[in-house]
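As a plain string of letters, each chain reads:
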Amino acid sequence: MFATVPTPIPARMRGLNRAEICDVNFTEFVKAWGGPTDARPAAHEAILDGSALDAQGFRELFESQLVSRHLDLMARVLRVQNKVFYTIGSSGHEGNAMVARATRHTDPAFLHYRSGGFMAERFRKLPAADGTPRDPVMDSALSFAASKDDPASGGRHKVWGSKALWVLPQTSTIASHLPKALGTAIAIEAAHRIGHVLPIPGDSIAICSFGDASANHATAQTAFNAASWTAYQKLPAPVLYVCEDNGIGISVKTPNGWIAESFQNRPGLDYFFANGLDLADGYADVQRAVEHCRRTRRPTFLHLRTTRIMGHAGTDFEIEWRSVEELCAVEAGDPLLRSAAIALESGLMSKDEVLAQYEAMRIRCFAAADEADRRPKLTGLADVIAPLAPYTPDKVRDEATRTPAPEARIAAFGGEQKLPEKQAPKHLAIQINQALHDLFAKYPETVLFGEDVAQKGGVYTVTKGLHKAFGNRRVFNTLLDETMILGMAQGFANLGMLPIPEIQYLAYLHNAIDQIRGEAASLQFFSNDQFRNPMVVRIAGLGYQRGFGGHFHNDNSITPLRDIPGLVVGCASRGDDAAMMLRTLAALSKVDGRVSVFLEPIALYMAKDLFEPGDGLWLTEYPAPDQALVLGEERVYYPEATDCVVFSFGNGMPMSLRAAREIERKHGWNVRVVDLRWLVPLNAPAIAKHARECARILVVDEGRHSAGVGEGVITAITEAGLGGKPGRRVVGVDTYTPLAGAALLVIPKEEDIVAAADVLADAELAKPHAQRPNAAS
Ligand SMILES: Cc1ncc(C[n+]2csc(CCOP(=O)(O)OP(=O)(O)O)c2C)c(N)n1
Ligand SMILES: [Mg+2]
């Protein structure tokens, strides 16, 4: 079927790189064409006998293929001139344009990096009335050039993305987009069941493409499994997984037949094969797969045969690790040669027309690249990070303090007399539970899901009653898979709902954290804030559970959350704060599209007393529904105290308050205690203010010595020029947490806080009186 390109390389091609050889091959192939030629087909006639593709369709797809190919060739040339900053291309994969043709531009697409053909074809789908005319060549050129005018990412990365085309930009982490694509498919179906109006048609499907090597990745397998698990229960999940099988991943070959063998017989996953190397042959199968997915709403696996020519990227000199014979054989399978053959054989185009179109596209791509090179780059830091963490405080405050409709609250709580503000003070778990009921009343688009959260109400019953009050559609159990829970959250968020996923323990976030770090939290940055996937991730965690759990139920590692750009992390130590913080986090989601984590200290869920058994001082009233916190706002106990300040959060709070009493008794210092409440971002000015106003500083951090919050607090103090003040940090040890009583050996205890104050006091006693600290020093 394919042209044979002679081996070894003829003399005229020596000295050319493989991209140039592929380029020359095309021209020579067309010139040398001597096959039979039919009578020119009319636009609506099959391009070749028996093909499902008509002549007009072929003409357009071929043009999309040429767009993609010449963008690749242009990138290879201009990379060396430093005008282009990305050379992973789509050559050999241009047949994916068929998937774009067979779908709609409103089917959300999560694309493989070899999607030049798909993108060019999808541009055709934009209704003329959409306003700004778009040109796939120019848009791509701007992206290749990392220009600020790049409509996909604003110059932050070379991504395939477009707001108008529902192409959500993806990161380079292979397979990380498969869970969210499934999540989006599930969300399409879930939306109408909760009365949410979708921004896309109700019969949309989610499209997700990836490579054959990527199909083996844990994150991909997790998504396939979850798709199967969903379909097995007859739940709809209209996701079209497109595996672009070129038989290789960088330099590692996929075993022959592996993709078909591995995916043909999975429960609930319907397998289709299409020849992506031949438009006339492959289109019917692509169409069949798309139609099947749309009609049956079942997860569909489209195995698309592709090839990879011109190497993995411009930096991959295949000639150094593959034989020339093998390279020539691969290049002979170039799908553009086949398209040229179809154009000629069908009589649709003459040789001259094909060559003219090929050269015209080259000129168009280089002209666009030249223009893109003249466009502005990102030159200022403020510009770079503008979309990372948008924050409009006034709007967030207004939204957070906006009260739900009274009737909705009464319905949510089961009667006027049951409204939480009318109840006696309660502990943390109850107040979180009430606050969630309130958020459900306020936002009908809220969905809460995770392991065991529905009927059981979570392992700590924090979500109890929500399922009963709001039903299966808004509160549901997921399969046991944190990656999928977070992928699902992105899916719901992509379509305008407000997901509140739960991760059962902090330790079990770690195997899925890339879904926050690499994916959810990065979307606003890489899409120049055109796409948002706001969510509030609740995580039960931290240590101090008495005699229970060992490390994994007492994990105190906070650092993995602290290093995620743009993420907000809140941690409430008491019930009223929790309710007000959850309102603020939901408002941040709604107003600024932010992704946040709400860290719930398990050991404080049921805490009622502070100083003495039975004093009930850790119970709080439920804050009125118009009360919320400002992001970063700390809680200050004993604000008038100036002899010493203790900074803490979570479990450290009741301990610090008790220790403060003891310090006062022992040393006569009045002690201010500050609950940071917001761990990311830390409120550096507030920390500096309290440090400045007080004579001595204690930082009580239940995290680990090298991985906590305390380092951030101390940095804020030092950077404010207050590093010379007497201070101590009380912090956990760099270790895993052991079981039972030994757990308390590795995390801070109340006595450790008092002991830290003792050290400060001893050091002062050793100094002359005049050098002892006071608040003003
Ligand atoms: C999680 C992850 N690991 C490693 C890489 C580096 N990497 C980029 S592409 C690639 C090979 C992917 O091969 P395949 O899925 O077959 O796609 P193809 O490039 O062949 O289209 C690798 C290993 C990555 N991007 N992400
Ligand atoms: Mg591959």
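For the structure, see preceding data.
Residues numbered from 1 in each chain as written. Chains lettered and ligands numbered in written order. Predicted model: local features only at pLDDT ≥ 70, side-chain atom pairs only at ≥ 80, totals over all residues. Heavy atoms only, no water.

> How would you sum up the packing of helix α2 (residues 55-79) against helix α4 (residues 116-123)? Please name residues and give values.
The description of two helices packed together rests on the angle between their axes and the distance between the axes. Taken N-terminus to C-terminus, the directions of α2 and α4 make an angle of 130°; their axes are 8 Å apart at the nearest point. The angle between the axes of α2 and α4 places the two elements in the oblique class. The element α2 and its partner α4 pack so that their crossing is right-handed. Between α2 and α4, the residues in contact are E60, L61, S64, V67 and S68 and G116, G117, A120 and E121, respectively. Of the residues that constitute the contact of α2 with α4, the class distribution is three nonpolar, four polar and two charged. (Axes fitted to C-alpha atoms, helices over the stretch in contact; angles between N-to-C directions. Helix = DSSP H or I, 4+ residues; strand = E, 2+ residues; numbered from the N terminus. Parallel < 35°, antiparallel > 145°, perpendicular 65-115°, else oblique. Left-handed = near helix turned anticlockwise from the far one by under 90°. Contact = heavy atoms within 4.5 Å. Nonpolar A, V, L, I, M, F, W, Y, C, P; charged D, E, K, R; others polar.)

> Tell me about the coordination of the magnesium ion (ligand 2), residues and numbers included.
Metal coordination angles in their ideal form are 109.5 degrees for the four-donor tetrahedron and 90 or 180 degrees for the six-donor octahedron. Taken together, D212 (OD), N246 (OD1) and I248 (O) make up the full set of protein donors to the magnesium ion (ligand 2), lying 2.0 to 2.1 Å away. Counting the intervening residues between successive donors of the magnesium ion (ligand 2) yields the motif D-x33-N-x1-I. On the criterion of sequence distance, the pair formed by D212 in the loop between β2 (206-211) and α7 (218-232) and N246 in the loop between β3 (239-245) and β4 (248-249) is long-range, its members being 34 residues apart. No difference in accessibility class separates D212 from N246, as the two residues are buried. (Donors = N, O, S within 2.8 Å, 3.2 Å for Na, K, Ca; no water. Buried < 20%, exposed > 50% of the residue type's maximum accessible area, 1.4 Å probe, protein only.)

> Go over the sheet that holds strand β18 (residues 697-704) with me, naming the residues and quoting the values.
Taken together, the five strands give an open sheet; going across it, the order is β14-β16-β15-β18-β19, and neighbouring strands pair in mixed fashion. The open sheet terminates on both sides in strands that have one partner only, identified here as β14 (635-637) and β19 (727-732). Looking at each pair of strands side by side, their axes are set apart by 20° on average, direction ignored. In the packing of helix α26 (residues 710-719) onto the sheet, the strands contacted are β15 (644-648), β18 and β19, and the crossing angle to β18 comes to about 150°. (Pairing = 2+ DSSP bridges.)

> Give me the lowdown on the sheet that holds strand β10 (residues 498-503), citing residues and values where you can.
Ordered in space as β9-β8-β10-β11-β13-β12-β17, the seven strands form an open sheet in which the pairing is mixed. The strands lining the two open edges of the sheet, one partner per strand, are β9 (475-477) and β17 (678-680). For this sheet, the mean angle separating the axes of adjacent strands, direction not counted, is 20°. Strands in contact with helix α18 (residues 482-494) are β8 (446-450), β9, β10 and β11 (535-541); relative to β10, the strand with the most contacts, it is inclined by about 170°. Running at roughly 165° to strand β13 (residues 595-601), helix α23 (residues 575-592) makes contact with β10, β11, β12 (568-571), β13 and β17 of the sheet.

> Could you give an account of the site of ligand 1, naming the residues involved and the relevant values?
Lining the immediate environment of ligand 1, one finds 17 residues, of which H112, Y113, R114, S214 and I248 sit closest. At a separation of 2.8 Å, a nitrogen atom of ligand 1 approaches a polar backbone atom of S172. In the complex, 74% of the free accessible area of ligand 1, which totals 580 Å², lies under the protein chains. In terms of residue class, the shell around ligand 1 is made up of five nonpolar, 10 polar and two charged. (Near = heavy atom within 4 Å. Polar contact = N/O pair within 3.5 Å; in protein donor to acceptor, adjacent residues only side chain to side chain. Areas by Shrake-Rupley, 256 points an atom, 1.4 Å probe, with all protein chains shown as cover.)

> Explain the packing of helix α16 (residues 428-442) against α23 residue by residue, including any values.
At their nearest, the axes of α16 and α23 sit 8 Å apart, and the two run at 30° to each other. As summarised for this structure, α16 and α23 are arranged roughly parallel, according to the angle between their axes. In this structure, the crossing between α16 and α23 has a hand that is right-handed. Between α16, through L428, Q431, I432, A435, L436, D438 and L439, and α23, the contact on the second element is made entirely by G575, A578, A579, L582, R583 and A586.

> Please give an account of helix α10 (residues 324-332) that cites residues and values.
All of the buried residues along α10 are L327, C328, V330, E331 and A332. Structurally, α10 contributes buried residues whose contacts are with α1 (18-32) and α11 (335-345).

> Report on the packing of aromatic side chains, specifying residues and quantitative values.
Across all of its chains, the model carries 20 aromatic pairs by this definition. Measuring from ring centre to ring centre gives 5.8 Å for F224 and F301, while their planes differ by 70°; the resulting arrangement is edge-to-face. Here F224 is found in helix α7, whereas its partner F301 is found in strand β7 (residues 300-305), with 77 residues between them in sequence. This pair shows no difference in class: F224 is buried, exactly as F301 is. (Phe/Tyr/Trp six-rings, centres within 6.5 Å; stacked < 30°, edge-to-face > 60°.)

> Could you give an account of the pattern of salt bridges, naming the residues involved and the relevant values?
Under the criterion given, the structure shown has 53 salt bridges. R124 is the partner of E63 in a salt bridge, and the nearest nitrogen-oxygen pair spans 2.8 Å. Of this pair, E63 sits in helix α2 while R124 is found in the loop between α4 and α5 (136-144), placing the two residues 61 residues apart along the sequence. Taking the relative accessible area as the measure of exposure, E63 reaches 26% and is therefore partly exposed. Across the pair R517 and D563 runs a salt bridge, and its minimum N-O distance is 2.8 Å. Of this pair, R517 sits in helix α19 (residues 514-519) while D563 sits in the loop between α22 (559-562) and β12, and the two are 46 residues apart along the sequence. Classification of R517 by relative accessible area gives partly exposed; the value is 31%. The partly exposed category is assigned to D563, whose relative accessible area is 45%. (Salt bridge = Lys/Arg side-chain N within 4 Å of Asp/Glu carboxyl O.)

> Can you break down α16 residue by residue, with the values?
For α16, with 15 residues, the first-to-last C-alpha span of 21 Å sits near the 21 Å given by 1.5 Å per residue. Counting buried positions over the 15 residues of α16 gives 14, a clear majority of the element. (Expected span 1.5 Å × (residues − 1).)

> Could you give me a rundown of the side chain of R409, with the residues and numbers involved?
Relative to the assigned elements, R409 resides in helix α15 (residues 406-413). Its relative accessible area of 5% is what places R409 among the buried residues.

> Run through the nonpolar core, naming residues and quoting values.
Counting 89 residues, the largest nonpolar core has F224, Y241, F301, F492, I516, F647 and L679 as its most contacted members. Look past the residues within four positions of F301 in its chain and what remains in contact with it is F210, F224, Y241, C243, I259, F263, L269, D270, Y271 and F272. Listed in part, the 79 residues of the second largest apolar core include A280, L337, A340 and I342. (Core = buried A, V, L, I, M, F, W, Y, C linked by side-chain atoms within 4.5 Å.)

> How would you sum up the pairing of β15? Please name residues and give values.
Burial of β15 is extensive: five of the five residues sit out of reach of the surface. By the bridge criterion, five bridges tie β15 to strand β16 (residues 671-675) in an arrangement that is parallel. Within β16, the position partnered with V646 by the bridge is V673. Taken together, β15, helix α24 (residues 652-667) and β16 form a β-α-β motif whose crossover is right-handed. Alignment of β15 against β18, held across three bridges, turns out to be parallel. Its bridge partner lying in β18, F647 is registered against V699. (Right-handed = clockwise from strand over helix to strand, strands pointing away.)

> Give me unusual backbone geometry: which residues, what numbers.
At the junction of V680 and P681, the peptide bond is cis and its omega measures out at -10° in the coordinates. Along the polypeptide, P681 turns up in the loop between β17 and α25 (684-693). You will see that R677, though not glycine, has its phi angle at about 60°, which is positive. Tracing the sequence through the fold places R677 in the loop between β16 and β17.

> Outline the environment of A237, supporting the account with residue identities and numerical values.
Looking at the secondary structure, you find A237 in the loop between α7 and β3. A residue is classified by how much of its surface remains accessible, and A237, at 0% relative accessible area, is buried. Taking the C-alpha atoms as reference, A237 lies 5.2 Å from A185; in sequence the two are 52 residues apart.

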